[in-house]
Each structure stands twice: as C-alpha cells, then as structure tokens.
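# Descriptive structure summary
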Amino acid sequence: MRNIKYLIILVAIISTNLSVAQENEITSIENVISETGTEIVEDPSVAQQDPEEESEWNANFDVTVVSRFIWRGLILGDYPSIQPSVTFSKGNFFIGTWASYSLASAERGGAASGQVAAAENYKEIIPYIGYSFKTGEESKLDLMVLTHYNPNVGGFFDFDNVPVGGGGALTNRVELRAVYNVGKLDFFGGWDFYNDPTENSSLYLETGYTFDFSKGVKVRPFISGVANDNYYTTDGKADITQVGWYTSKSFSIGKEVSLSVKADMVYNPDRDQFNAAFGATFKF
C-alpha cells in the first residue's frame, strides 16, 4: 500500500492520453526480447513484416552499448555493457539469442556470489523461442520461453544446479514471458517458473504508455513490480520495483543500418534509489 501513489500517478497519465492515440503501431520482436529497460516499446516502425517475407526466414542482428545495466529496478554493474542479439523469424514464429557482457575487468568478480544487484562483471546469455499473435487491428500478444544463462556460475546445459556458495545465483533460470500491446499501451509479464532463486516462481509485471514528441522523440513512462515473494525486493515480498520513463530516438545511417539512442530514468521505491543509463543500439 505504501507505493500505491506511484500506480495512481501512472494510471492518471495513461488515462488522459488513451483517447488521443491514433495510428498506433505494434512493437517489434526485437524490443520484446531486449533486457536493457526498453524491453517492450522502443521503435514500433519496424513491427509490420512485408507480406512477401512472411513465408521466408528473416534474420535480424543488433548490438547495444549501455552505460550501465539496469534490469527491472536492479543495477547489474556500474560499468558499460555490450549486448548483442540475433533473431531468426518466419511469419509469427521467432527464435534467437540475446547476451550481455560487462566491460568491467574479470578481477572485479561476477554474479556467482548471488549478490545480483552488486555484480560488476555480470554476464548473461538468453536463448529464446516464441510466437506472435495478432489480436486486433492495433493489438498483439507475444509469448516466449527463455532461459537466463549465467556463465559466471556453471555450464550452459546445467539446469539442475544449486545456488553457488549458498547464494542466490543459478546457472539457468527459465522464464515464461508475455507482452501484450494495445496501440501505444503495453503490458509485460515475466514468470520464473523453473530455478527461481527463491523457489517462489517470481512474477514480474510492468505496464507503460509511449508518447510521440517532435523530432521523432519517444517517451515511455512506466511502472513495474513483483506480485509475489521474490528475489527482486529487499525483503523478498511483493512490492513496486520501478517507476520512471524511457526516452529514445532512432536515426537511419544507411540503407540497411539504423541507430537508436536512449536514456533511462528509473526510480526504485523498494530500495529508494534513482538510477540513470544511456544506451545506443545499432540495427543491421
């Protein structure tokens, strides 16, 4: 109840603008997968596939550089990270891999200790598979299964490991993810149904709304939290973990290359921390 004011503020903002949303577009597969904050809405302009390409396999490749890795309200290191991803898609089906590697030196340690919020040399590889459903003229549902593989802990195919040194870090944590877009309004859910560090199958929820400003700038205010006992919050109980906004702008720098820059401003009410990050994504 102590964080209900943040929810009320966001709902008021969204409600005020729902009536003026026109020509809304649907988020792209790439942004459903991204873990760097703007994981739901960033560049909807590439969402619609050419009908002639729906029967063919397509490959999308991008590389993101972020000043620091903010993940669902947690700081996964105070050093820049490089985050490549490759997605193969055919029609509504997609499969691929996303990864994040910190530029911190190996001597600074990783997430093997289980102190995920203090992991300076954080590494992660996420294989995923999913399917997109068009549910209306301006709405879409994406469902996917992915595993958060932590190279600092163990082997890639190790799904039966125990926390290292009694900590909370596991080699593979398996998540069921759902993203539902209605125009510029989005809803995101991530359920850790296997190898949750707390064994509670943490359920992360997020919602936001994207505004278009002049000069192609997009701003997405959002709010997120965890609905049950979890490993995100300081006391392991359900709470609000993020209130903030993402700002982004995209540029074309060639026929087949685009650049998106973004700034993330995030407040974590549970930890009473305000975090900011800058990122740039090259899409090929």
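Residues numbered from 1 in each chain as written. Predicted model: local features only at pLDDT ≥ 70, side-chain atom pairs only at ≥ 80, totals over all residues. Heavy atoms only, no water.

## A short note on the overall build of the chain
Across its full length, the chain holds two helices and 15 strands. Counting all 284 residues of the chain, 48% fall into the buried class. Considering only contacts in the chain between residues 6 or more positions apart, those separated by 24 or more positions represent 54%. In the structure as shown, the chain presents an accessible area of about 13,200 Å², 60% of it carried by carbon and sulfur atoms. (Helix = DSSP H or I, 4+ residues; strand = E, 2+ residues; numbered from the N terminus. Buried < 20%, exposed > 50% of the residue type's maximum accessible area, 1.4 Å probe, protein only. Contact = heavy atoms within 4.5 Å. Areas by Shrake-Rupley, 256 points an atom, 1.4 Å probe, with all protein chains shown as cover.)

## Looking at the packing of aromatic side chains
Within this structure, the stated rule accounts for 14 aromatic pairs. In textbook terms, an aromatic cluster arises when at least three aromatic residues are bridged by ring pairs, as seen for Trp71, Phe188, Tyr204, Tyr231 and Tyr232. (Phe/Tyr/Trp six-rings, centres within 6.5 Å; stacked < 30°, edge-to-face > 60°.)

## Regarding the side chain of Asp196
Examined against the element boundaries, Asp196 turns out to sit in the loop between strand 9 (185-194) and strand 10 (203-209). Here Asp196 is buried and forms no salt bridge, its nearest opposite-charge partner Arg173 lying at an N-O distance of 6.8 Å. Reaching out from Asp196, the side chain makes a polar contact with the side chain of Thr198 at a distance of 2.6 Å. The contact partners of Asp196, leaving out residues within four places of it in the chain, are Leu170, Ser201, Ser202 and Tyr231. (Lys, Arg positive; Asp, Glu negative; His and termini not counted. Salt bridge = Lys/Arg side-chain N within 4 Å of Asp/Glu carboxyl O. Polar contact = N/O pair within 3.5 Å; in protein donor to acceptor, adjacent residues only side chain to side chain.)

## Observations concerning the nonpolar core
Ranked by size, the top nonpolar core spans 17 residues in total, and within it Phe69, Trp71, Tyr128 and Tyr232 carry the most contacts. Of all the secondary structure elements, the ones that give two or more residues to this core are strand 5 (93-102), strand 6 (123-136) and strand 7 (139-149). Not counting chain neighbours up to four residues away, the residues in contact with Tyr232 comprise Trp71, Arg72, Leu74, Asp192, Ser202, Tyr204, Val226, Thr241, Asp270 and Arg271. Counting residues in each nonpolar core, the second largest holds six residues, with Ile70, Tyr246, Val266 and Ala277 among its members. (Core = buried A, V, L, I, M, F, W, Y, C linked by side-chain atoms within 4.5 Å.)

## Brief notes about unusual backbone geometry
Despite not being glycine, Ser201 has its phi angle at roughly 50°, a positive value. Structurally, Ser201 is set in the loop between strand 9 and strand 10. Under the relative-accessibility criterion, Ser201 is labelled partly exposed at 23%. With a phi angle near 65°, Lys215 is a residue other than glycine that sits in the positive phi range. Topologically, Lys215 is positioned in the loop between strand 11 (211-212) and strand 12 (218-226). Accessibility expressed as a relative area gives 71% for Lys215, which makes it exposed.

## What to know about the pairing of strand 12
With nine of nine residues buried, strand 12 lies mostly within the body of the structure. Side chains of strand 12 alternate between two faces, with Lys218, Arg220, Phe222, Ser224 and Val226 and Val219, Pro221, Ile223 and Gly225 buried alike. Sheet analysis places strand 10 next to strand 12, joined by five bridges and oriented antiparallel. Looking at the pairing, Glu206 lines up with Ser224 of strand 12. The turn linking strand 11 back onto strand 12 is made up of five residues, and Lys215 within it adopts a positive phi angle of 65°. In this sheet, strand 13 (residues 239-252) lies alongside strand 12 in antiparallel orientation, the contact comprising nine bridges. The partner of Val226 across the bridge, within strand 13, is Asp239. (Pairing = 2+ DSSP bridges.)

## A word on the pattern of salt bridges
Tallied over the full model, the rule gives 11 salt bridges. Residue Arg72 is joined to Glu175 by a salt bridge in which the shortest nitrogen-to-oxygen separation is 3.1 Å. A residue pair is termed long-range when its members are at least 10 positions apart, and Arg72 in the loop between strand 2 (70-71) and strand 3 (74-75) and Glu175 in strand 8 (residues 172-182) qualify at 103 residues. Across the pair, Glu175 and Arg72 agree in class, each one buried. Between Lys218 and Asp212 there is a salt bridge, with its nearest N and O atoms 2.8 Å apart. Because the salt bridges share partners, they merge into one network encompassing Arg72, Glu175 and Arg177.

## Considerations on the pairing of strand 15 (residues 273-283)
Note: strand 1 (residues 58-66) against strand 15, five bridges, orientation antiparallel. In the sheet register, Val66 faces strand 15, and the bridge partner there is Gly279. Where strand 14 (residues 258-268) and strand 15 come together, 11 bridges link them in antiparallel fashion. Bridging from a neighbouring strand, Ala263 pairs with Phe278 of strand 15. The loop that links strand 14 with its antiparallel partner strand 15 comprises four residues; one of these, Asp272, has a positive phi angle of about 55°.

## Details of the confidence of the model for the chain
Of the residues in the chain, 72% have a pLDDT of 70 or more, and the chain-wide mean is 80. Note on residues 38-48: pLDDT is under 50 here. Beyond four places in sequence and across chains, it has 45 contacts. A low-confidence stretch, residues 109-118 (pLDDT under 50), is modelled with 27 contacts involving residues beyond four sequence positions or located in other chains. (pLDDT = per-residue confidence, 0-100.)

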